[in-house]
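So the chains spell out like this:
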Amino acid sequence: MEFWLFLQLLINGIIAGSLYALLGISFTAIFAPTRIFHFMHASVYVFAGYFLYQFAMGWGWPVPVSILVAVLLAGFMGVLAERVIYAPLRRMGAGSMEMLLSSFGGYVILQNLILLIWKSDPRTVKIPEVLKNGIPVGLLTFTPLDILTVITAGAALWAVTLFMRHTKVGKAMRAVENDPLGATITGIPTEWVRLVSFFLGSVLVAVAVTFHVVDKGLEPTIGVNAVLVATVAMIVGGVGSYSGAALAGLMIGIAENLGIWQIPSEWKNTITFCVLVLFILFRPRGFFGHRMTRYEG
Amino acid sequence: MIYLSYVISLIAVYGVLTISLNLSVGYTGILSLAQAAFMGIGAYSAAILLTQWGFNFFTTLLVGMAVAGLVSWGLAWATLRLKGDYYVIASFGFQVILYNIFLNWIGLTRGPFGIRQIPPPEIFGFSFLGPQRYALFTLGILALCLWVARRVGESPYGKVLRAIREDEAAAASIGKNVNRYKMSIFTVTAMLASVGGALYASLITYIDPFTFTIHESIFILALVIIGGSGNVYGSVIGAAVLISLPEMLRFFDVPTAVASPIREILYGALMIIFLRLRPKGLLPERITSGVVR
Amino acid sequence: MKIMKAQRWCGSFSPVWILVMILATILAWVGLESSAGAQDEFKYGSLMPVTGPIPQYGEYFIRGSQLALEDLEKSGWIGGKKIRVILEDSKADPKVGLVAMNKLINIDKVPIVESLVTPVLMATGPIAMQNSVVLVNTAAQSVPLRKLGQFFFSINPLADLVMALSVEYAVKGMKAKTAAIIHVNNDYGRLVGQTFKEIFEKQYGGKIVATEIINMGETDFTTHLTKIKFVKADIIFTVAHEAELGYALKKAKQIGLKTPFLSGPGMTGPMTIEIAGDAIEGLKTPDYVFDPYNGTEKMKSFGKQYKEHFKIMPYSFPAFSYDAVMLYADALKSGARTGPQIRDFYRSLKGWVGVSGPVAFDKDGITTTGAVIREFRKGVFVDVKWK
């Protein structure tokens, strides 16, 4: 019996980890090229969820359309953040501290806008029940939605990797990440690249919140935890490495679920963060991180 | 009058918290997200020792400061040598870990059930029971903090801090042990934060872990920015404005459901605006001989 | 002195000082202001979680009291003088509640406050007791509330009575020898869960085989229910709030967990149904006697009135709030004005029947009306005949 429980928890962990992987990838897409700790990512995450809710449940649009529009809107929110908050600061010569603080300010504003518009009640978005009904496999169960989550995360990783390696924009992003000054000198439109990276990261995080919302509901508070996990996944995986972030996300999901088996579930978060702190102290490179170049902090 | 005294006390508490963070963020340029954690250490030290062991309030202050000091010294030693963003992320992680300890170590902190009926401070049999007395008490502590901060700021030690903020490499090149300075000021920040926490505990008479979250850290950070990094009087004024705002709105019959988010949106917006247009905040840094910002 | 020194600082801060002056003036004015509002109305204080993790309870109060005020208005108030409800938001947070209670008592000077949420009541109770203000509870259940004080009254029964009934039903009606408990990580969850466990184990020799603790507002029950699935439990007893229960039920169905659920009282509401969908079918729950479908005439007509106004049928809580206001009105009619007088009126209550059922208080101020067992069938809770 214990073995089956272990297996089920492992499966649960992989499913949860897939979502975390998505989060990690989304955050890396922004942090790696721009080096901005985009705390407002949490707001984009939650807002995308509320957009989805508003379209699908508030205005009765078909769910796939709602998801598409919500994801696109989220992408634009990310771009807006760069244009309105970060770019002007950068032009003023502000340092990363000012960027981070402004990001917090933006987060607080957006968070409270949500409270004013939608209040704090939990919301749900309805999708066809069949997606959520468990498929029993012996003593184990998982749902079609779970399978979809894992597939989507895998597809996202695959797509992002291809994008980075084979498209002009992707390569430009990597160039900017590696050596921003050099990139500007060689004529790469760095500002434009930044916008793309914000768009990409925000779109990915919106996909992540979609899975969260249809399964676990929507509340204003889910943003911070998402950013926390995204940060841990990115650092542990190694800044700049998408496969690292994905792998780290997966491992965090598995560790959390297996951990609950023996450790009281309240300590779940603490484990994740101790791992983060340990990595920061002893291996800031993470799993696959690129060696720190002159562009640290 | 009772209610007014309560608001004044709250302003004084946040004044202390803001001043303490200003020492690190404003004077020295160390961005810490862990202020709420240290506030919590002070609050829980006071709450636990006062309610369960009948300690004297001032003793609990010392205990809280000692714990906060030790912990912050350790944290600073481990992380201040990290580059820029990594230090901030580490303080973020530390904040979350400490929050989880407050929340889950039920044997010590009673976790989400909170600690109730925390008594007010007493000295030589005189109790600060009652809102007016407590307001005077907190104002007194605030004045003390202001004085300490000013002395630090105007001393040669303070000048080195500012030098570190402007250009660490340059400060190191003239022989200053940058890490030592950073660690020491960070420890002072943490200890003062714990004082603020203890005052908070006695004021509200009830604490639970949900106060000491990253959200609170961000709020105190905003107060520093808005009041003016490097200016501790500004910190007090910033605290006064932002704390009293929802209370005032409440009297104009704005429901709390609306007043609270409005206050938050305001400080978020102010934070962004001040960083852009008026990086010096409400009150600019005092010009003392030789150091111009 | 300070002003001169300030003027030595750089430039344009004078707007700041103007701001400070305005602030100080307003604060002083506000502070000196005595109790707000006209003297020709009765005040009814209320401290409810209007925002925060369980805002539906705030809404229940608003709606229930609104209907009460409407009916009072129709009947001419109390000698022409109306009742004004002063609502403060507690956010279900004791710290916020403390400040709000402070304001209600010291500034608004109310003689009575209606409130709920165990941690808030436990924290604010002493203040009410010290100031001789009557504190009326319309939803919280934890047993320690019994000892809150002489000014405390609870219109709904506490967990000791309700759990005794629930456990009896679990053992005799559901034939449970083992149980898993899921409870929320707060005073309410822990205490009610504890009461259930004690009665189940000590009185009936049952065994609690798993205890899962969830956070308030939890929506992800996968791991908790997975663990329970692999353990042999005859029933799952949950102490949570509407939304949490909904997610638990839904997830249980998703993962193929067939163990029957027994919830605590007052835990199901419209949100539970919306979230759980058909997973809520067959849910057993102890419930308060209020029944707008098959209850007394008063209950049915209240249900009708509520449905006309708000488009859905009410559960117990709006009915309790309605009765709370009506009780106050009756106290006022009898001449009671201060806290102690209202307390005495409540203590001597006999034969009072409201829309939630009969109301009378025992020596601790807790209602003597008990609970019943119901089952959710096709959109409604129906009484279960099991004795």
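To be clear, the structure that these remarks concern was listed above.
Residues numbered from 1 in each chain as written. Chains lettered and ligands numbered in written order. Predicted model: local features only at pLDDT ≥ 70, side-chain atom pairs only at ≥ 80, totals over all residues. Heavy atoms only, no water.

Moving on, we come to the overall build of chain B. The number of helices and strands found in chain B is 12 helices and two strands. Starting at the N terminus, the α and β elements of chain B follow one another as α-α-α-α-α-β-β-α-α-α-α-α-α-α. Compactness check: chain B gives a C-alpha radius of gyration of 19 Å against a globular reference of 19 Å for 293 residues, within 12% of the reference. Across its three principal axes, chain B shows a C-alpha extent of roughly 55 × 45 × 35 Å. Taken across its 293 residues, chain B has 66% of its residues classed as buried. In chain B, the share of contacts with a sequence separation of at least 24, taken over all contacts with a separation of at least 6, comes to 80%. Taken as a whole, chain B presents about 10200 Å² of accessible surface, with 68% of it coming from carbon and sulfur. The average position of the 20 basic charges and that of the 12 acidic charges among the side chains of chain B differ by 7 Å. (Helix = DSSP H or I, 4+ residues; strand = E, 2+ residues; numbered from the N terminus. Rg over C-alpha atoms; globule rule 2.2 N^0.38 Å. Buried < 20%, exposed > 50% of the residue type's maximum accessible area, 1.4 Å probe, protein only. Contact = heavy atoms within 4.5 Å. Areas by Shrake-Rupley, 256 points an atom, 1.4 Å probe, with all protein chains shown as cover. Lys, Arg positive; Asp, Glu negative; His and termini not counted. Charge placed at Lys NZ, Arg CZ, Asp CG, Glu CD.)

Here we take up the pattern of salt bridges. Between side chains of opposite charge, pairing is possible as soon as their charged atoms come close. Residues and elements named next belong to chain C. By the definition in use, this model includes 29 salt bridges over all chains. E59 is paired through a salt bridge with R63; the nearest N and O atoms lie 3.8 Å apart. On the criterion of helical spacing, the pair formed by E59 and R63 is a turn pair, its members being four residues apart in helix α3 (residues 55–74). Salt bridges linked by common partners bring R146, D160, D362, K363 and D364 together as one network. (Salt bridge = Lys/Arg side-chain N within 4 Å of Asp/Glu carboxyl O.)

Okay, the sheet that holds strand β3 (residues 112–115) of chain C next. Residue and element names in this part refer to chain C. Reading across from one edge, β2-β1-β3-β4-β5 is the order of the five strands in this open sheet, with parallel pairing throughout. Unpaired on one side and paired on the other, β2 (82–89) and β5 (152–154) mark the two borders of the sheet. Averaged over neighbouring strand pairs, the angle between their axes works out to 25° when direction is ignored. Judged from the three bridges that link them, strand β4 (residues 134–137) and β5 form a sheet pairing that is parallel. Its bridge partner being in β5, V136 is matched across the sheet by F153. In this fold helix α5 (residues 118–130) packs onto β1 (41–48), β3, β4 and β5, with an angle of close to 155° to the strand it touches most, β4. Contacts from helix α13 (residues 339–347) reach β3, β4 and β5 within the one sheet, and its direction differs from that of β4 by about 45°. (Pairing = 2+ DSSP bridges. Axes fitted to C-alpha atoms, helices over the stretch in contact; angles between N-to-C directions.)

Facing 40 residues of chain B, the contacting portion of chain A comprises 43 residues. Of the roughly 3600 Å² buried at the junction of chain B and chain A (both faces included), carbon and sulfur atoms supply 81%. Inspection of the region where chain B meets chain A yields two residue pairs in polar contact (both at pLDDT 80 or more). Only α3 (57–79), α4 (84–104), α10 (214–227) and α12 (256–277) of chain B provide two or more residues apiece to the side of chain B that touches chain A. (Buried area = accessible area lost by both parts, 1.4 Å probe. Polar contact = N/O pair within 3.5 Å; in protein donor to acceptor, adjacent residues only side chain to side chain.)

Attention now moves to the packing of aromatic side chains. Applying the stated criterion across every chain, the model contains 48 aromatic pairs over all chains. Ring centres 4.9 Å apart and planes at 80° place the aromatic pair F376 of chain C and F381 of chain C in the edge-to-face group. Taking the relative accessible area as the measure of exposure, F381 of chain C reaches 7% and is therefore buried. Here a set of aromatic residues connected by ring pairs shows up, and it is made of F47, Y50, F51, F55, W59, W61 and W118 of chain A. Lying across the ring of Y27 of chain B, R162 of chain B places its NZ or CZ 5.4 Å from the centre. If you follow K81 of chain C out to its NZ or CZ, it ends over the ring of F42 of chain C, 4.5 Å from the centre. (Phe/Tyr/Trp six-rings, centres within 6.5 Å; stacked < 30°, edge-to-face > 60°. Lys NZ or Arg CZ within 6 Å of the ring centre and 35° of its normal.)

Turning our eyes to something else, we now look at the nonpolar core. With 331 residues, the main nonpolar core has Y14 and F38 of chain B together with I83, F196 and Y346 of chain C as its most contacted residues. Other than its neighbours up to four places away in sequence, Y14 of chain B contacts M39, Y200, E216, F219, L223, A239 and I243 of chain B. (Core = buried A, V, L, I, M, F, W, Y, C linked by side-chain atoms within 4.5 Å.)

This part is about helix α9 (residues 178–204) of chain B. All names here are of chain B. Taking 1.5 Å per residue, 27 residues should reach 39 Å; α9 reaches 39 Å between its end C-alpha atoms and fits that length. Across the 27 residues that make up α9, a large majority, 22, are buried. Taken from the residues just after α9, T205 is the one with a positive phi, measuring 65°. (Expected span 1.5 Å × (residues − 1).)

Packed helices, taken two at a time, are described by the angle their axes make and the gap between the axes. Residue and element names in this part refer to chain B. Relative to each other, helix α1 (residues 2–27) and α10 sit at 75°, their axes nearing to 9 Å. Considering their axes alone, α1 and α10 lie roughly perpendicular with respect to each other. Between α1, through Y14, L17, T18, L21, N22 and V25, and α10, the contact on the second element is made entirely by E216, F219, I220, L221, L223 and V224. Taken together, the residues that form the contact of α1 with α10 break down as nine nonpolar, two polar and one charged. (Parallel < 35°, antiparallel > 145°, perpendicular 65-115°, else oblique. Nonpolar A, V, L, I, M, F, W, Y, C, P; charged D, E, K, R; others polar.)

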